[in-house]
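As a plain string of letters, each chain reads:
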Amino acid sequence: LELDGPVGNKKDFKAFSRRMAVCEWRSPEQLKELLDLELKDEGESESKILQRCREAIRYSVKTSHPRFFNQLFAGLEPYSTVASFIIESIKTSLYTYEVAPVFTLMENAVLRKMIETIGWEEGGDGIFNPGGSMSNMYAMNLARYRYCPDWKEVGLYSAPRLVVFTSQEVGLHSSPSYSVNEGGKMIPSALEERIQLAKREGAVPFMVNATAGTTVFGAFDPIEEIASVCEKHNLWLHVDACWGGAALMSKKHKHLLKGIHRVHSVSWNPHKMLMASLQCSAFLVRDKTSLLQRCHSARASYLFQQDKFYDVSYDTGDKSVQCSRKPDAFKLWLMWKALGSRELEQRVDRALAMARYLTQEIKKRDGFQLLMEPEFANMCFWYIPPSLRKLPEGPELWTKLHAVAPVIKERMMKTGSMMIGYQTHGDKPNFFRMVVISPQVSRQDLDFVLEEIHHLGQD
Ligand code: ABU
């Protein structure tokens, strides 16, 4: 890795130089040829293995490059990276205190701090796990267990039609989705109607899943109003704040999650905007009656002996659906210790200030058009090449525009100059979704992006 040394704050540094490509693109066929993937009976020399390591780095996408904007994660957090190396070297599993004493206590400390940050004054519980989808599954398990604890033992064969409500932004066919407005935020009155309809049809609503920071638009559902609907119908309210949870660190932006102290559970991934190393993903629950443990406990007798010589409440593994579990909390604990809440707050504020800057630039420049005013760090926009600018709004423009982002994406990948995602949404033609996270990103980088899109988008 090429380190450029400190920039600005001594705790920030550029993980990858702008002189490097974000990726050295190769097709799967080319890469198979280059990497010599076949595993053989005889091992290789150390120099050959070193070469293999260099190649693995060389052809991987440099997600820590200041011009990587493709995902809801980016950048390299040095303290968290050190923690990752330590975790791999210590090689333990976070299920019993006896095998992971330090990391058990650190996980408890980090969970307590996150619970405090959410505003659950009475405390709560939680667990780190391998990703936001897993956290959301935990929430569904708990909500169902709360509705009927017997199902864990007797199974679901006699269960009524259970209904989880989630927004159209995440809607699955098996769970009724409620309407969202143009900005991708759910409409509480539409949720109320859907709950009443489900009840009239004899179904049993038991949970609502709201989102704080949707994947595409970065939209925040109105938690306070949704909480009132859920309290009225006694529904479990889960908030997927995997992406937007970081705003809780900021006095300026935490209003986006107003009402979060009223919800039952939260998913929050510090590996996203807080830049902890992948993976660092927490599921947090307001309950203090060991619901998490009662719901998932399998009481493995080879791990969770009740007659141990120490306090077995420190054996946290029986809360988990996993057996082996990495001590991911250490990746957040170490960086939080090094940076303090204050610097984490500044990072969130900076990322959102950068997003505002990019928004203003997009508005100023010919050929760029925002889909909507961003609420968070997701900028969704079209680039309209000069040849299409005179076309009137209508099917011909939309069809031609639909082809533009994929072509520009191919060109940026092949030059390696930057990485930005694109997609459709509903009936909207392909647009760019650009995500700004890392403090290593400068205004010049954002100007570069718009100039480069313009350059790559020439017919
Ligand atoms: N968990 C959704 C993340 C997807 C993305 O990085 O764009």
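From a predicted model like this one, the values you see are computed outputs, not experimental measurements.

Residues L237, L284 and V436 are the most contacted members of the largest nonpolar core, which totals 116 residues. With 16 residues, helix α10 (residues 329-364) is the largest single contributor of residues to this core. Filtering out sequence-adjacent residues up to four positions away, V436 remains in contact with F69, A351, M354, A355, L358, A377 and V441.

A separate point is the confidence of the model for the chain. Confidence in the prediction for the chain averages 93 pLDDT; 94% of positions are at 70 or higher. Contacts from residues 1-14, a stretch scored under 50 in pLDDT, to residues over four places away or in other chains number 22 contacts. Interface confidence for the predicted complex, expressed as ipTM, amounts to 0.93; the pTM equals 0.93.

When the UniProt feature table is mapped to this numbering, "modified residue: N6-(pyridoxal phosphate)lysine" (unreviewed entry) covers K272. By the element assignment, K272 lies in the loop between β7 (265-268) and β8 (281-285). Accessibility expressed as a C-beta count within 10 Å gives 26 for K272, which makes it buried. Contact partners of K272, with chain neighbours within four places excluded, come to L72, F73, C242, W243 and A246.

Q71, L72, G132 and T215 make up every residue found near the ligand. Of the residues assigned to the shell around the ligand, the class counts are one nonpolar, three polar and no charged.

Among the eight residues in helix α1 (residues 28-35), zero count as buried, and that is only a small part of the element. Once α1 finishes, D36 follows within two positions and takes phi at roughly 50 degrees, a positive value.

A word on unusual backbone geometry. Look at the link from L278 to Q279: it is a cis peptide, with omega at -10 degrees. Its location among the elements puts Q279 in the loop between β7 and β8. Even without a glycine there, the phi angle at D36 is positive, about 50 degrees. Locating D36 in the fold gives a position in the loop between α1 and α2 (46-58). A tally of 11 C-beta atoms within 10 Å means that D36 is categorised as exposed. Even without being a glycine, N234 presents a positive backbone phi close to 55 degrees. For N234, the location among the structural elements is in the loop between α8 (223-233) and β6 (236-240).

The rules behind these values
Residues numbered from 1 in each chain as written. Predicted model: local features only at pLDDT ≥ 70, side-chain atom pairs only at ≥ 80, totals over all residues. Core = buried A, V, L, I, M, F, W, Y, C linked by C-beta atoms within 7 Å. Buried ≥ 20, exposed ≤ 12 C-beta atoms within 10 Å, placed from the backbone. Helix = DSSP H or I, 4+ residues; strand = E, 2+ residues; numbered from the N terminus. Contact = placed C-beta atoms within 7 Å. pLDDT = per-residue confidence, 0-100. UniProt positions renumbered as here; feature names shortened; annotations may be inferred. Near = placed C-beta within 6 Å. Nonpolar A, V, L, I, M, F, W, Y, C, P; charged D, E, K, R; others polar.

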